[in-house]
Structure formats: structure tokens, C-alpha cells
Amino acid sequence: MGNNNDTIPSTRELFQAPTSTFLTHIFLALSLWLVTGLFSAYYVYELKKSQHKSAIRHYYCLIVMFAFFNASLGCLGMIDMRNHYVYDILRSIYEAFALSAFLQIMIRLSGGEKNLITNAAEHSPRNWFRSPPCGFLFLCRKAERFTPQTLRYAELVVKQFIICIVSIAIISFLLFNQGLMNARQISFSHAFPYIHAVEVVSMLFAVHGLFIVYFAVHDPLEHFHVGRKFVAVKLLIFLGVVHNALLTICVHYGILNGVKLNLDVEAAVVHWENFLLVVESFCVALLLFYAYPVSELELVAAEKLEDGDPEL
């Protein structure tokens, strides 16, 4: 079986006879990427000016830079289509670490694991605190208290997602280079449906773990606006899953074509996927700046929370 890159034009071929639609998309994507980069640079500058030097500052930076990182990979994927799968791999890995960073922020804002468990216990029992296997279903017959084991479960499922994403990224890259995987092929004779199913299940476990922690800290950390933090970090991931699914369906039923872009179907899908990623990243970046303000770190310092442990 031939390599999937055979039908995707190189960067040089893309710009030999570009259509006006294609150039417009490129211009809009680069403009949004530039604005997102400027906002991100300003955010990092403000972080460096902050007097708060604990590890939580780095987790804030990791999450806020998630949008700019995705926008950068989206622009690269539009211009360098033949390496789009490499950019997908990098994006998935960063996504896993961003979810891990959110978990660490919740623990540190609580003043450490012990304080998180103590504060959460005051608001127990809740159905959301149910551990697997019922917990995975998001619905529970019996409410349970938030315990150290519940937090261990949340940390474990986030770690497994990181391991799973890195492993899937390596396997997918090898299969793609051997022409054994088409990222838009629904047929069960290809590897994509199976690999994607494993990734989705792994992500559901991780999201469930974060849901548990979110509901545990929502009331005690209400002054840190954890609700908007939770929504912001999940939104870009959710939008990516939605537009990927829609593109897959459009290709399967012949709705999507690349006539206006002077591209074949496979190349057009890569183009649209990356273009939508840049637009989504710009929008989510604005929400991230709002949800993770630098000024909030001064409140963390005022409450004497350093690296997840209360100052004694």
C-alpha cells in the first residue's frame, strides 16, 4: 500500500497555482496566529513581572500557551501538508499535558492534596465522586464521599491519558509513514477507527477524573473562578473533536471537496482541519487569558499557597 502523502501536495506545489480562496485562508490564518502570538507574548511578559514564583505560575503559562501552540501547528499544517500528521501528534501530546496542568492547578490552589480532600469532604457525598467502573459512566446509583482514593483515581486517569496519547502518537506516525493509516478513512479495514476509539476512551477517563476534581474544588475555590478555568481548557479539545468528526462525515458522504482550493479531497480535509484549528485557537486564547489572569497569582500569594503546600 502506498504512502498517504502521495496525494498531498508539497509546500512548493501548493503555491504554484493557488486559488484566491486558498490565499485568503492562508492570510486569515496567519493574521489570527500573529494576534494570538502577541497576546501570548504579553501574557508571558506579565507572568515574568509577577512576584509570585511558585510552580503554579508555570502551569498557568502551560495552559494559556496551549492556544498559541495549536494555532502555530495549524498554520504549519496548512503550509506544510505532507507533515500534518507530525503536527497532529505534537498537538495531542501538548493536549495531554495541558489536562495534567489543570489538575495540578486545582491541587495547588487548594493548598495541597490534603487540603483539597478535607475541603471536598465537607461538600460530600456527591454522585460525581463515585469511582470506576460506575464513575466512568458519569452517572451513579449511590453517592460517595471524596477520599484520598478518589483523588488517586483522578491523578491515575490523567497519567494514563498522557501515556496513551504518546503511545498512540508513535504508533500512528509509524503506520502513517507506511501507508497503513488514513486519518479520514472510516473503513474498519484501516487502523484509524480502532486507534481513534482507544484515544476517545482514554480521553473520557481523563475528563471524568478532571470532572471529579472540578466538582470537589468548585465551592471551596469559587473565588478563583474554577468554572471558567474548567470550561476554557476543555473547550479547545471539545471543538477539535467536533470539527474532526464533522470533516470525517463530510468526506465519507462526499460533501467536502477541494475544487475552490484546487486540492483533492484528502488535501482539502487537511487544509480545512488546520484552518479551523487556527480560528478555534484564537477564540479560545481570548477565553484562556480571561480565565487564567496573571493578577490572580497575587491572590494565591496572599493566601500563602506555594507549590501546592500551605505555608506554615
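It should be emphasised that the depicted structure is a prediction, and the values quoted were computed from it without experimental measurement.

**Considering the confidence of the model for the chain**
(1) Moving on: Residues of the chain with pLDDT of at least 70 account for 78%, and the chain-wide mean is 78.
(2) Moving on: Per-residue pLDDT, averaged within each element of the chain, yields its smallest value for strand β2 (residues 309–310) (42) and its largest for helix α2 (residues 20–49) (92).
(3) Moving on: Residue range residues 184–188 is modelled with pLDDT below 50. Its contacts to residues more than four positions away, or to other chains, number 14 contacts.
(4) Moving on: Taken together, the stretch residues 306–312 has pLDDT below 50 and engages in 15 contacts with residues farther than four places along the chain or on a different chain.

**As for the nonpolar core**
Side chains of a nonpolar character, in soluble globular proteins, are inclined to be buried together.
(1) Moving on: Ranked by size, the top nonpolar core spans 57 residues in total, and within it Leu109 and Tyr292 carry the most contacts.
(2) Moving on: At 11 residues, the largest contribution of residues to this core is made by helix α4 (residues 84–109).
(3) Moving on: Formed by 15 residues, the second largest nonpolar core is a distinct cluster that contains Phe22, Leu261, Leu263 and Phe275.

**Some words on the environment of Ala67**
(1) Moving on: Checked against the element boundaries, Ala67 lands in helix α3 (residues 55–79).
(2) Moving on: In this structure Ala67 comes out as buried when scored by relative accessible area, which is 0%.
(3) Moving on: For the pair formed by Ala67 and Leu287, sequence separation is 220 residues and the distance between their alpha carbons is 9.8 Å.
(4) Moving on: Ala67 has contacts with Thr36, Leu236, Ser281, Ala285 and Leu288, leaving out every residue within four places of it along the chain.

About the criteria used
Residues numbered from 1 in each chain as written. Predicted model: local features only at pLDDT ≥ 70, side-chain atom pairs only at ≥ 80, totals over all residues. Heavy atoms only, no water. pLDDT = per-residue confidence, 0-100. Helix = DSSP H or I, 4+ residues; strand = E, 2+ residues; numbered from the N terminus. Contact = heavy atoms within 4.5 Å. Core = buried A, V, L, I, M, F, W, Y, C linked by side-chain atoms within 4.5 Å. Buried < 20%, exposed > 50% of the residue type's maximum accessible area, 1.4 Å probe, protein only.

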